[in-house]
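Chain residues, written in single-letter form:
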Amino acid sequence: MSDMEGVLNSNVQSLPHVEEEFVDSDYDMSSGDEDYQEVMNEQREKSRGKQAGDLSFAQASCVTQGVGGGDVSESENDESDELLTESDSNGEGHIRFAEFNEEKELYNPRLRVGMVFRDFDQLKKACRNWGIKHRFQLWFPQNDKKRVICACHNKKCSFRIYAAHMSKDNPSVQIKSANLDHSCGKVFSNFHVTSRWLATKYFDKFKADPNWSYNGIIKQVKDDQGITISHMKAWRTKNLAMRWVNGDEAEQYTKLSMYAAELRQSNPGTTVILWRDEGVFQGFYVCLKPLKDAFWSGCRPFIGFDGCLLKGIYGGQVLSAIGIDPNDCIFPLAYAVVLTESRQTWTWFMELLRDDLEIWNSKYITIMSDRQKGLKRAVEDIFPDAEHRNCVRHIYTNFREKFKGKTLKDYLWNAARATYVQRFNYWLGEIEKESLEARRWLDHQDRPHASWTRYILDARDKGIITMLEMIKMKSMRRI
Ligand SMILES: [Zn+2]
């Protein structure tokens, strides 16, 4: 096992490296824009929630002298929304200024004199976003290591922000003076709304819906920002966001070996196998100890096999083995994520399962699976003596004793051949129209394929570790 881990770890570098691939084609980006890593960190921090906000607040110095940033207590952090301004000096030189809270205010900054920023980049980001939010086009006529002046693009406008380091000893950046009133009119385009800015802002949305249409993106930006972006910009935005989403998933795969080790440690006796071929991910197999034990304590000598497609960027399939407990309830025996469903991957899965369940004589086992050739051949290879039934044929044998006629028979087979849940449900609906009784009878049958597949459907469009964890939780609940 340790050899395997060694191989796995040494192969981690060969996974796609997003940063190298990343070539910025956006002509209108300024040098202060975030790089990939920063965007990813932002997303992570966002998901970590309030805790992360407190942390970044505590790390930044918000006291002019005497007390370092690290000394800010938690109770003070909670009041960060109502920090004192310059005039609230307590008379001992300890002045607390409002701290820019990137977590909360990134897209709706409330700029004011005295406000403190981590650095000039953060200040410029806040200014740009303030401009986008309030529909003014801002720029930085002075922009060096010591000071930044932010002004309105309309030269006659009196809007100004002047920012510099807090003091000689304190590199934090502070707004020293400002005139936040514009004497100009609002604009309806903004060169700061770059594809990168949009990809960052809507990262979660792209992640949740990789098929988000260009028209949908354009409409959302119009609704949120009042700006009409071009089809080209929508395309560039999506392109960039999807590369980040993919990078996120690639990173998840590299974390798989850590997840495997953790699973083994927290569930002693559990089998976890991570299969890679020349550094390329092939499969991840899990057979949880309690499920393994359950198989031999009163379960029927039955194994059902099923595969279901994954919706993530990487594609892939979930293979699962299902058992039936004494109460006729189905429960998973083992599951795996593989890149492709084939005779080879099914054989790999079944061999591991056979060893885990210690099935040395398959004579007493009944196997149920659907018609796929790869699956059928793998069953013949690994469980040569088992009774192998087609799931639907088995149900149909019982079905026809109660319900006669070709129409119902055809509908049942159509349902069985359905590769989508919607299609499956459609044919169940047709059966119901023909005979409500038949439909009810079907609902009370063991339909390991349909029901288990549907059971994990809501997990399958997640990142691989999230998904494995969800399937694990669902499996555990069945014990
Ligand atoms: Zn202006």
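Refer to the structure above for everything that follows.
Presented here is a report on the structure given in the accompanying data block. (Residues numbered from 1 in each chain as written. Predicted model: local features only at pLDDT ≥ 70, side-chain atom pairs only at ≥ 80, totals over all residues.)

Looking only at helices and strands, the chain features 21 helices and twelve strands. Taking the contacts inside the chain whose residues are at least 6 apart along the sequence as the reference set, 55% of them involve residues at least 24 apart. (Helix = DSSP H or I, 4+ residues; strand = E, 2+ residues; numbered from the N terminus. Contact = placed C-beta atoms within 7 Å.)

Quick look at the pairing of strand S4 (residues 160–165) now. In terms of strand pairing, strand S3 (residues 147–152) meets S4 through five bridges, oriented antiparallel. Counterpart to Ile 149 in the pairing with S4 is Tyr 162. (Pairing = 2+ DSSP bridges.)

It is worth spelling out the nonpolar core at this point. If you look at the biggest cluster of nonpolar residues, it comprises 42 residues, and the most contacted ones within it are Val 286, Leu 333, Ala 336, Phe 349 and Leu 353. In terms of residue count, the dominant contributor to this core is helix H14 (residues 343–357) (seven residues). Excluding residues within four positions of it along the chain, Leu 333 makes contact with Cys 287, Leu 291, Phe 295, Ile 303, Ala 321, Ile 322, Gly 323, Leu 353 and Leu 357. (Core = buried A, V, L, I, M, F, W, Y, C linked by C-beta atoms within 7 Å. Buried ≥ 20, exposed ≤ 12 C-beta atoms within 10 Å, placed from the backbone.)

A turn of α-helix holds 3.6 residues, and therefore any two residues three or four places apart point the same way. Listing the buried residues of helix H15 (residues 373–382) in full gives Leu 375, Ala 378, Val 379 and Ile 382. Down the axis of H15, the smallest arc covering the buried residues is 105°, so these residues share one side. (Arc of directions from axis to C-beta.)

The five strands lie next to each other as S1-S5-S4-S3-S2, forming an open sheet whose pairing is antiparallel. Among the strands making up the open sheet, the edge pair consists of strand S1 (116–117) and strand S2 (138–143). Here six bridges tie S4 to strand S5 (residues 173–179), and the two strands are oriented antiparallel to one another. In the strand pairing of S5, Ile 161 is matched with Ala 178.

Counting through the fold element by element, Met 350 comes out in helix H14. Sequence separation between Met 350 and Ile 382 is 32 residues, and the spatial gap between their C-alpha atoms is 6.6 Å. Sequence-distant contacts of Met 350, defined by excluding residues within four places in its chain, comprise Ala 378 and Ile 382.

Turning our eyes to something else, we now look at H14. When the terminal C-alpha atoms of H14 are compared, their 20 Å separation across 15 residues agrees well with the 21 Å that a helix rising 1.5 Å per residue should span. Once H14 ends, the next one or two residues include Glu 358, with phi positive near 55°. (Expected span 1.5 Å × (residues − 1).)

Turning next to the packing of H14 against H15. Two numbers describe how H14 lies on H15: the axes approach to 8 Å, and their chain directions differ by 40°. With respect to their mutual orientation, H14 and H15 come out oblique. Crossing of H14 over H15 shows right-handed handedness. Seen from H14, the contacting residues are Arg 343, Trp 346, Thr 347, Met 350, Glu 351 and Arg 354; seen from H15, they are Gly 374, Leu 375, Arg 377, Ala 378, Asp 381 and Ile 382. Looking at the contact of H14 with H15, its residues break down into five nonpolar, two polar and five charged. (Axes fitted to C-alpha atoms, helices over the stretch in contact; angles between N-to-C directions. Parallel < 35°, antiparallel > 145°, perpendicular 65-115°, else oblique. Left-handed = near helix turned anticlockwise from the far one by under 90°. Nonpolar A, V, L, I, M, F, W, Y, C, P; charged D, E, K, R; others polar.)

Let's shift gears to unusual backbone geometry. Phi at Arg 135 takes a positive value of approximately 60°, unusual for a residue other than glycine. For Arg 135, the location among the structural elements is in the loop between helix H7 (120–134) and S2. Given 16 C-beta atoms within 10 Å, Arg 135 falls into the partly exposed group. The phi dihedral of Glu 358 is positive, around 55°, even though this residue is not glycine. The residue Glu 358 is located in the loop between H14 and strand S11 (366–369) in this model.

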